[in-house]
Amino acid sequence: MENQVQKKRILSGIQPSGDLTLGSYVGAIKNWAALADEYDCYYMLADMHTITVRQVPAELRRHTLTQVAAYIASGLDPEKNVLFVQSHVPAHAQLGWVLDCYTMFGELSRMTQFKDKSAKNADNINAGLFTYPALMAADILLYQADLVPVGGDQKQHVEICRDIATRFNGIYGDVFKLPEPYIPKVGARVMSLTSPDKKMSKSDHDPNGCVYMLEKPEDILRKFKKAVTDSDACVRFDPAAKPGVSNLMQIYSVATGADFAAIEREFDGRGYGDFKQAVGEAVVELLRPIREETERLLADKTYLESVYRAGAEKAAYVANKTLNKVYKKVGFLPR
Ligand code: ATP
Ligand code: LTN
């Protein structure tokens, strides 16, 4: 349509580094589907980021394909959202290199994720792990994204992306749009069920701390039954004093739509046993349709291929426009 106002653009991504967790769903994917009508949305499978930690090649392929299916099953209609694999769009690597040259050693050294992951992978602190934020900045800036919907742990990476873009624009003029992080009010940081002081994470070594999006209902219920709480026997939201219970309340709130006051009333005078059972059941129902649809989609590889191929083509078209502009600005001789 002529005169149509250009929609704002969204880009986000998740590493296919393992089975998706309830944390990645609640903190990120769940919020993506609702944005499709209002925004022009690009969702990536960040496989190039994934190899900053050593992967088994066949597993990486399996996780990537499963994640494409899980994106669609979570409500991302491929007709309305561009779903693509990062390594299928070479502009990410190309802009990533350029931005490496505009990102400072000092600012990369301050990144929390780098410090966490280098502690976890002390035998493989590679250069890619260190420069990861410059590649993530390229992911975002290539699409001139206005908003980046992520969980709270990624806020620092969106901030460094803005710093890199500001530095680049300061030298060459307005090349990049400055993106804003878009972080949910409830569920921005789902904690481990066994160590509620730690973020629930795919690469967690304690499988009981982590609920997976595609996990069987009986396993989900068992994990919630075992979730760490406290000795106070009162369902009340207080993240500092009652981290385990508050984490369960956040999860329950996201799964049922009830606010904290309603949850406190619902479980007033009842024990943690009832509460944990209810949270487990709510999560089972939240995830059930996604698991069933993911399984159905995984049986149709041809369809999944057609989705990510079309996605790569659309993504590359937008990304190359930005890359060409950048190459010109920095002084590369046109081919
Ligand atoms: P890894 O363990 O490989 O680093 P991860 O599980 O920590 O992965 P991802 O699944 O790569 O994280 O994160 C994908 C998206 O989900 C990001 O936007 C991230 O902020 C969000 N996210 C991940 N874990 C959580 C969590 N526990 N709570 C809320 N949001 C989360
Ligand atoms: N760093 C993110 C994954 C990621 C991403 C992005 C998120 C890679 N590129 C661009 C938003 C935008 C993570 O580790 N969860």
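Basis of the calculations
- Residues numbered from 1 in each chain as written.
- Chains lettered and ligands numbered in written order.
- Predicted model: local features only at pLDDT ≥ 70, side-chain atom pairs only at ≥ 80, totals over all residues.
- Heavy atoms only, no water.
- Helix = DSSP H or I, 4+ residues; strand = E, 2+ residues; numbered from the N terminus.
- Rg over C-alpha atoms; globule rule 2.2 N^0.38 Å.
- Buried < 20%, exposed > 50% of the residue type's maximum accessible area, 1.4 Å probe, protein only.
- Areas by Shrake-Rupley, 256 points an atom, 1.4 Å probe, with all protein chains shown as cover.
- Lys, Arg positive; Asp, Glu negative; His and termini not counted.
- Charge placed at Lys NZ, Arg CZ, Asp CG, Glu CD.
- Axes fitted to C-alpha atoms, helices over the stretch in contact; angles between N-to-C directions.
- Parallel < 35°, antiparallel > 145°, perpendicular 65-115°, else oblique.
- Left-handed = near helix turned anticlockwise from the far one by under 90°.
- Contact = heavy atoms within 4.5 Å.
- Nonpolar A, V, L, I, M, F, W, Y, C, P; charged D, E, K, R; others polar.

J.: Let's hear about the overall build of the chain: which residues, and what values?
T.: Within the chain, the secondary structure is distributed over 13 helices and five strands. Scaling as 2.2 N^0.38, a compact globule of 335 residues should have a C-alpha radius of gyration of about 20 Å, and the chain matches this with 21 Å. Dimensions of the chain along its principal axes, counting C-alpha atoms only, are 70 × 45 × 45 Å. Among the 335 residues that make up the chain, the fraction classed as buried is 51%. Carbon and sulfur atoms make up 53% of the accessible area of the chain, which amounts to about 16100 Å² in all. Computed over 42 positive and 42 negative side-chain charges, the inter-centroid distance for the chain is 4 Å.

J.: I'd love a proper account of the packing of helix α4 (residues 91–100) against helix α7 (residues 127–141), names of residues and values included.
T.: Running from N to C, α4 and α7 cross one another at 125°; their axes reach a closest spacing of 8 Å. Taken together, the axis directions place α4 and α7 in an arrangement best described as oblique. Considering only the axes of α4 and α7, their crossing is right-handed. Residues H92, L95, G96, L99 and D100 of α4 pack against T131, A134, L135, A137, A138, D139 and L141 of α7. Per-class residue counts for the contact of α4 with α7 are seven nonpolar, three polar and two charged.

J.: Let's hear about the environment of E38: which residues, and what values?
T.: In this fold, E38 is placed in the loop between α1 (22–32) and β2 (39–45). The exposure class assigned to E38 is exposed, which follows from its relative accessible area of 55%. When the C-alpha atoms of E38 and Q6 are compared, they prove to be 10 Å apart, with 32 residues separating the residues in sequence.

J.: Provide a residue-level description of unusual backbone geometry, including the pertinent values.
T.: Positive phi is not limited to glycine here, since Q144 has a value of about 50°. Note on placement: Q144 falls in the loop between α7 and β4 (147–149). Here Q144 falls in the buried class, since its relative accessible area comes to 19%. With a phi close to 50°, A233 is a non-glycine residue in the positive phi region. Here A233 shows up in the loop between α9 (217–225) and α10 (243–256). According to the relative accessible area criterion, A233 is exposed, its value standing at 53%.

Function-wise, these values are silent; they only describe arrangement.
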